[in-house]
Amino acid sequence: EDGLVDFIQVNYSMMEPQAGERLLPLAAENGVGVAISRPFINGDYFSKVRGHELPEWAAEFDCESWAQFSLKFILANPAVNCVLTETANPNHAVDNLGAGFGRLPDAAMRKRMLQHLRDLQEQLAQVEHVLRCECFRRTPDDFFELVRVGSIAFGQHRELVFRRREHRHPIEQACCELHQSDWYR
């Protein structure tokens, strides 16, 4: 507010929207430039949307990918001057650039986007809970071929996943189908 700051760099995204409540409006009021870091939370964002179709209504603001969904949300905030994306993949860079073209979501659409992501996160949390509960019901004999797996279907969580294709439990199959991945192989 005293004019000493010309520019700030801050984390802001659909998964970290807190800066949009006070800091970004304050920056805009005072003519402070804003660069955004971590738009994809170091890739964690993609673990939340993996296996889900982009909502049809994303076409209303010319969105063609989950990366653009996040970036357009950020770019639509009038206080934001630039977004520093986190990729070394040229194809991802081209996709990210696509977020700067076409329409941006309005305030009502941005709220809808946030709610959609929260709904996806809740679905994932429910699947994780069911899987954990089911794992605790298994007998020691069921764990003969257990493997610790990294961040594939469950984001940052490290889960115990079964490797027996011939004896899949219905919960394992449902989780696989929900995420449309081969995380159990």
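We now turn to the structure provided with this report. Just so we're clear, the structure is a prediction, and the values are computed from it rather than from any experiment.

Quick look at the pairing of strand E2 (residues 33-37)
And then number 1: By the criterion of burial, E2 is predominantly enclosed, with five of the five residues buried.
And then number 2: The alternating pattern of E2 places Gly33, Ala35 and Ser37 and Val34 and Ile36 on opposite faces, both of which are buried.
And then number 3: Pairing of strand E1 (residues 7-11) with E2 involves five bridges; the strand directions are parallel. By the bridge assignment for E2, Ile8 is matched with Val34.
And then number 4: For the segment spanning E1, helix H1 (residues 23-29) and E2, crossover handedness is right-handed.
And then number 5: Here E2 pairs with strand E3 (residues 82-83) via two bridges, running parallel. Paired with Ile36 across the bridge in E3 is Val83.

Overview of the side chain of His52
And then number 1: Here His52 shows up in the loop between helix H2 (44-49) and helix H3 (66-75).
And then number 2: Setting aside residues up to four positions removed in sequence, His52 forms contacts with Trp66, Leu120 and Gln123.

Quick word on the nonpolar core
And then number 1: In terms of nonpolar packing, the biggest core is built from 32 residues, with Leu24, Ile36 and Phe69 touching the most fellow members.
And then number 2: Mapped onto this core, the elements with two or more residues apiece are E1, H1, E2, H2, H3 and helix H5 (107-137).
And then number 3: At six residues, the largest contribution of residues to this core is made by H3.
And then number 4: Sequence-distant contacts of Ile36, defined by excluding residues within four places in its chain, comprise Val10, Tyr12, Leu24, Ile74, Val80, Cys82, Val83 and Leu84.

Some thoughts on the packing of H3 against helix H4 (residues 90-98)
Two quantities define a packed helix pair, namely the angle between the helix axes and the distance between the axes.
And then number 1: Interhelical geometry of H3 versus H4 gives an angle of 45° and a closest axis separation of 8 Å. Regarding the angle of H3 to H4, the classification is oblique. At the point where H3 passes H4, the crossing takes the right-handed sense. Here H3 contributes Ala67, Gln68, Leu71 and Lys72 to the contact with H4, which in turn contributes Asp95, Asn96 and Gly98.
And then number 2: Taken together, the residues of the contact of H3 with H4 sort by class into two nonpolar, three polar and two charged.

What counts, and at which threshold
Residues numbered from 1 in each chain as written. Predicted model: local features only at pLDDT ≥ 70, side-chain atom pairs only at ≥ 80, totals over all residues. Heavy atoms only, no water. Buried < 20%, exposed > 50% of the residue type's maximum accessible area, 1.4 Å probe, protein only. Helix = DSSP H or I, 4+ residues; strand = E, 2+ residues; numbered from the N terminus. Pairing = 2+ DSSP bridges. Right-handed = clockwise from strand over helix to strand, strands pointing away. Contact = heavy atoms within 4.5 Å. Core = buried A, V, L, I, M, F, W, Y, C linked by side-chain atoms within 4.5 Å. Axes fitted to C-alpha atoms, helices over the stretch in contact; angles between N-to-C directions. Parallel < 35°, antiparallel > 145°, perpendicular 65-115°, else oblique. Left-handed = near helix turned anticlockwise from the far one by under 90°. Nonpolar A, V, L, I, M, F, W, Y, C, P; charged D, E, K, R; others polar.

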